[in-house]
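Here are the chains, one letter per residue:
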Amino acid sequence: MFGIFFEELNHAGAGGLWAELVSNRGFEAGGSNTPSNIDPWLIIGDESNIIVATDRSSCFASNPIALRMEVLCEASGTNACPSGGVGIYNPGYWGMNIERTKVYRATMYIRSSESVELTVSLTSSDGLQNLASHTITGDKEDFVEWTKVEFDLASSGRNTNARLQLTTTKSGIIWFDQVSLMPSDTYMGHGFRKDLASMLANLKPRFLKFPGGNYVMGNYLVNAFRWSETVGPWEERPGHFNDAWAYWTDDGLGFFEFLQLAEDLGACPLWVINDGASLNEEVPSATIAAFVKDVVNGIEFARGDPQTAWGSVRAAMGHPEPFPLFYVSIGNQECFKHYYKDNYVKFYSAIKASYPDIKIISSCDASAISPVNPADLYDVHVYTSSGDMFSKSRMFETTTRNGPKAVVSEYAVTGNDAGRGTLIAALAEAAFLIGLERNSDVVEMASCAPLFVNDNDRRWNPDAIVFNSWQHYGCPNYWMLHFFKDSSGAALHPSTIQLSNYDQLVTSAITWNNSQDGNTYLKIKVVNFGSKAVNLNISVTGLQTDIQTFGSIKTVLTSGWLRDENSFQQPDKVVPAASPITNAGEQMGVVLDSYSLTSFDLLLGSSQGLHSVSGWSLHSSM
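We now turn to the structure provided with this report. Values in this document were obtained by computation on a predicted structure and should not be read as measured data.

**So, the overall build of the protein**
Inference 1: The number of helices and strands found in the protein is 9 helices and 34 strands.
Inference 2: Here the C-alpha atoms of the protein give a radius of gyration of 27 Å, agreeing with the 25 Å that 2.2 N^0.38 yields for 622 residues.
Inference 3: Across its three principal axes, the protein shows a C-alpha extent of roughly 90 × 55 × 45 Å.
Inference 4: With 622 residues in all, the protein has 58% of them scored as buried.
Inference 5: Relative to all contacts within the protein whose residues are 6 or more apart in sequence, the contacts with residues 24 or more apart total 75%.

**Some points on the pairing of strand 8 (residues 116–123)**
Inference 1: Among the 8 residues in strand 8, 6 count as buried, and that is most of the element.
Inference 2: Here strand 8 runs beside strand 9 (residues 130–138); their pairing, made up of 8 bridges, is antiparallel. For Val 120, the partnering residue across the bridge sits in strand 9 and is His 134.
Inference 3: In sequence, strand 8 turns back onto strand 9 through a hairpin of 6 residues, with Gly 127 there showing a positive phi of about 80°.

**Looking at the environment of Val 272**
Inference 1: Turning to its location among the elements, Val 272 is positioned in strand 16 (residues 268–273).
Inference 2: Other than its neighbours up to four places away in sequence, Val 272 contacts Lys 209, Phe 210, Pro 211, Gly 212, Val 216, Ser 329 and Gly 331.

**Overview of the sheet that holds strand 10 (residues 147–154)**
Inference 1: Spatially, the 5 strands line up as an open sheet ordered 3-4-12-7-10, and their pairing is antiparallel. Of all the strands in the sheet, the pair left with one neighbour each is strand 3 (50–55) and strand 10. Mean inter-strand twist for the sheet, computed between neighbouring axes without regard to direction, equals 30°.
Inference 2: Relative to strand 10, strand 7 (residues 103–112) runs antiparallel, the two being bridged by 8 bridges. Within strand 10, the residue paired with Tyr 109 across the bridge is Lys 148.

**Brief notes about the state of the cysteines**
Inference 1: On inspection of all chains with the given rule, the structure shows 2 disulfides.
Inference 2: Cys 73 shares a disulfide with Cys 81; S-S distance 1.9 Å. Judged by the sign of its S-S torsion, about 95°, the cystine formed by Cys 73 and Cys 81 is right-handed. You'll find Cys 73 and Cys 81 in the same group, each marked buried.
Inference 3: Cysteine pairing for the protein, with bonded cysteines counted in sequence order: 1-2, 3-4.
Inference 4: There is no disulfide at Cys 448, and the cysteine sulfur nearest it, in Cys 475, is 10.0 Å away.
Inference 5: The class of Cys 475 is buried, set by a relative accessible area of 0%.

**Overview of the packing of helix 4 (residues 289–303) against helix 5 (residues 309–316)**
Inference 1: Closest axis-to-axis distance for the helix 4/helix 5 pair is 7 Å, and the angle between their directions is 45°. In terms of orientation, helix 4 lies oblique with respect to helix 5. Both helix 4 and helix 5 take part in a crossing whose hand is right-handed. Residues Asn 297, Glu 300, Phe 301, Ala 302 and Arg 303 of helix 4 pack against Ala 309, Trp 310, Gly 311, Val 313 and Arg 314 of helix 5.
Inference 2: Classifying every residue of the contact of helix 4 with helix 5 by side-chain character gives 5 nonpolar, 2 polar and 3 charged.

**Remarks on the side chain of Thr 520**
Inference 1: Relative to the assigned elements, Thr 520 resides in strand 28 (residues 520–528).
Inference 2: On the basis of relative accessible area, Thr 520 is assigned to the buried category, the value being 8%.
Inference 3: Within polar-contact distance, the side chain of Thr 520 engages the side chain of Asn 513 at 2.6 Å.

**Comments concerning unusual backbone geometry**
Inference 1: Residue Pro 450 is bonded to the preceding Ala 449 through a cis peptide linkage, with omega at -15°.
Inference 2: Within the secondary structure layout, Pro 450 lies in the loop between strand 21 (443–446) and strand 22 (452–454).
Inference 3: Here the residue pair Asn 461 and Pro 462 is connected by a cis peptide bond, since its omega of -5° sits within 30 degrees of zero.
Inference 4: Examined against the element boundaries, Pro 462 turns out to sit in the loop between strand 22 and strand 23 (465–467).
Inference 5: Positive phi, close to 55°, is recorded for His 11, a residue that is not glycine.
Inference 6: Mapped onto the fold, His 11 is located in the loop between strand 1 (4–5) and strand 2 (42–44).
Inference 7: At Asn 501, a position not held by glycine, the phi torsion is positive, near 60°.
Inference 8: Note on placement: Asn 501 falls in the loop between strand 26 (495–498) and strand 27 (505–513).

How each quantity is defined
Residues numbered from 1 in each chain as written. Predicted model: local features only at pLDDT ≥ 70, side-chain atom pairs only at ≥ 80, totals over all residues. Heavy atoms only, no water. Helix = DSSP H or I, 4+ residues; strand = E, 2+ residues; numbered from the N terminus. Rg over C-alpha atoms; globule rule 2.2 N^0.38 Å. Buried < 20%, exposed > 50% of the residue type's maximum accessible area, 1.4 Å probe, protein only. Contact = heavy atoms within 4.5 Å. Pairing = 2+ DSSP bridges. Axes fitted to C-alpha atoms, helices over the stretch in contact; angles between N-to-C directions. Disulfide = S-S within 2.5 Å. Parallel < 35°, antiparallel > 145°, perpendicular 65-115°, else oblique. Left-handed = near helix turned anticlockwise from the far one by under 90°. Nonpolar A, V, L, I, M, F, W, Y, C, P; charged D, E, K, R; others polar. Polar contact = N/O pair within 3.5 Å; in protein donor to acceptor, adjacent residues only side chain to side chain.

Structure (structure tokens):
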């Protein structure tokens, strides 16, 4: 039920989860008109000894831009280059994090009509601290054609604001393209930044929705996410401008990588397709067929045998086994668009004809779904204030129990009290999730949004995980999700609250099995959304075995002020605190802190089954 939603927003992928350290590695970000802006690349030296400009001389037809570097100075003599040479450097995404003794794989394509003597270095941001270097040399004939060069750089020091620089003291012209620097140590060896991917793995997500959001659509279709241009060798991917969130992405994090990430996390992939609509454009039904075919081809890429046309592309990328893609969302909340419903039926029919086991998610709500506009599931987005989010814990209680289930694929508290991720926002979201848990017969999935933010590019607040080049922390709503990571696959039990004159509690109960130790627990979660601490009696009935005296745990998420936030300076200000329950039993007196989320994980005897709890209740003892 509970998973994660990734959108390329806030530099979540480019400069974040995707571990590539070079920004604009193919020099394509400035556009096809040359010479173009090569930001963030800059020169070492000045115009008296070096001239750089983009041209269209690349060996890659899909990304034709390359960088031409003309060096005017010499190694010695009256026209000697400055000490250390001249060249270009890339600061990455607000500085590269280079760690001592770690190895980084450098890759680049070089062409030159003269002999080459080029030094590739990792340095501090001012170039004064040398962390690692490698010299590329070759005779005139060695680089007359585009040549791929790869080597490792082992750092002798640490710098969180480093850069990659290419320098020489030899006059002549050198062309560069597809300059990459990747850490050798990535999550599961698949190119994901290890610390950030581990934060996701720790949530035990059951699904991964990708790649967006507005990112899928683009403001205009020319900048929409097109899956087929993000697969195959990374050097050949054209990249595209993410106009929805105003930055370039080289698409190193592409369709294949999202599928791989889902596999690495043990999550089910949920693909949001581009259905021929952008924020400002829409393809009419008469000409939508090419978009429909493209989506069916995308499913073949994920699921097809290696002998199929697109399955063979996936196999060539090192994954001959199909990916288990069983969920496809048609668009991104686009039911209001003029052609959506007619186009949706064409996508639905084509996908079901080839892959009848795929569950298709509609952007329309349940009221718009009918035999002529069918859907397996329907998408719901909830963005609201903390008070309203708390009240929406009852949102699905009156939903009809027939028909397709809901996918709450985006939810978040927004507004003043959300800040950059506050305690009160996390508690409101926890109450909402408890409501989804209690109504899991009509809700299939839920995921928060947005997932990541690079602190240097905050396009949206709040977010679950904050990072920069070398640090990261979870916001309170990230830690709140840990209270739900055992819910998927658990058994829900009836519960009641018998408390007069206080309506600020929301609660649920499940039994779940710990796969690590084989034990079964009764988990009781309670959100206290009010300013009063509450004394309660918990009463559990219908157990087939006893609650164990030892081994039960109480976990609390709270803080001194309802708008407390975590930060780089205080990453653990608002995090869960666990302690043993000394009075564990079927009758328990407990105290709920004001503005808190509390979980009581009660260890059950070994014979306890998953469906044996007939009920539990909370009683006031005030």
